[in-house]
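Letter by letter, the chains look like this.
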Amino acid sequence: MVERGTAKVGRFVVVEGIDGCGSTTQAKRLVEALRGVGHDARATFEPSDGPVGQLLRSVLEGRLRSADGQSPRRLDWAALGLLFAADRLDHLASFVRPALAEGAIVVSDRYTLSSIVYQSVTAPAVPDAVSWIASLNRAAQIPDLTIVLDVPVAVAARRRHARGGPEELFDALSTQARLADAYARAVELAPEQHIRHVSGEGDAGDVTRRLLQVLSDAFPEISVTPERS
């Protein structure tokens with residue numbers, strides 16, 4: 001929470017990157033670190049746990065079945081883009097904006113940049129895919145800070161394998177390599193956002209300290225001195 005006069009001002013921070021970059025772990029660790037020094041920090045994620053988000057997760061995890069029940073029900077890139085945008089607007093209305101209005105620091109595991117990267121990379125040869133996806137998200141609030149965790153594709157793949165579970169929709173190494181290339185161009189793809197790249201390699205505690213440093217640089221009023229762990 002940031003105090004300006006008598007008003008409470010929230011901050012909206014997003015953690016991004018390819019699958020296995022550590023965004024889920026680091027978003028949670030960042031919230032824990034902020035709470036540890038007295039800030040009202042709240043963790044969230046996309047797809048959300050709302051009704052549209054749950055449908056999206058069933059698609060990504062292969063749980064949505066075809067009419068005969070024999071195979072996963074696939075959705076094309078445009079349908080996914082529309083669903084992600086719908087989930088995002090519901091997520092903003094139900095969680096993010098109310099928390100910001102209360103002065104909280106909201107840390108989200110993924111947001112609009114994920115839509116731009118993932119849907120444009122998996123689109124067919126559509127010349128205006130990025131601009132179309134961006135237009136779907138025009139009503140979405142711009143984050144105060146977006147942090148992209150940069151991790152080599154091979155490292156991210158080892159992490160996904162170590163955590164187990166079935167392969168998800170975008171897990172193919174060739175797809176992940178294209179996603180990594182797109183995230184490297186995040187500033188070009190989402191020029192309206194305040195984007196910072198951080199190495200996601202190494203010990204989780206070291207990565208968290210890097211995130212806290214970037215956060216402190218961006219918002220000196222919520223400076224945090226991370227503890228060694």
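Residues numbered from 1 in each chain as written. Predicted model: local features only at pLDDT ≥ 70, side-chain atom pairs only at ≥ 80, totals over all residues. Heavy atoms only, no water.

(A) The arrangement of helix 3 (residues 77–101) in detail. The end-to-end C-alpha distance of helix 3, which contains 25 residues, comes to 33 Å, matching closely the 36 Å that a straight helix rising 1.5 Å per residue would cover. At Leu92, helix 3 shows its strongest bend, of approximately 50 degrees. N-capping of helix 3 is provided by Asp76, with a side-chain oxygen placed 3.2 Å from the backbone N of Ala78. (Helix = DSSP H or I, 4+ residues; strand = E, 2+ residues; numbered from the N terminus. Expected span 1.5 Å × (residues − 1). Bend = angle between axes of the 7 residues up to and from the residue. Polar contact = N/O pair within 3.5 Å; in protein donor to acceptor, adjacent residues only side chain to side chain.)

(B) Main features of unusual backbone geometry. In this chain, Glu46 is followed by Pro47 through a cis amide linkage whose omega measures -5 degrees. Locating Pro47 in the fold gives a position in the loop between strand 4 (41–45) and helix 2 (51–60). Phi angles above zero are rare outside glycine, and Arg110 is one such case at about 85 degrees. Residue placement: Arg110 occurs in the loop between strand 5 (105–109) and helix 4 (112–121).

(C) Spotlight on the sheet that holds strand 6 (residues 145–150). Strand order in the open sheet formed by 5 strands is 4-5-3-6-7, and the pairing between neighbours is parallel. Looking at strand neighbours, the two that pair on one side only are strand 4 and strand 7 (195–199), the edges of this open sheet. Strand-to-strand twist of the sheet, defined as the mean angle between neighbouring strand axes without regard to direction, takes the value 25 degrees. Both strand 3 (residues 11–16) and strand 5 contribute to a ladder of 5 bridges, which runs parallel. Pairing of Val13 across the sheet is with Val107, part of strand 5. (Pairing = 2+ DSSP bridges. Axes fitted to C-alpha atoms, helices over the stretch in contact; angles between N-to-C directions.)

The quantities given are spatial measurements derived from coordinates; they are silent on function.
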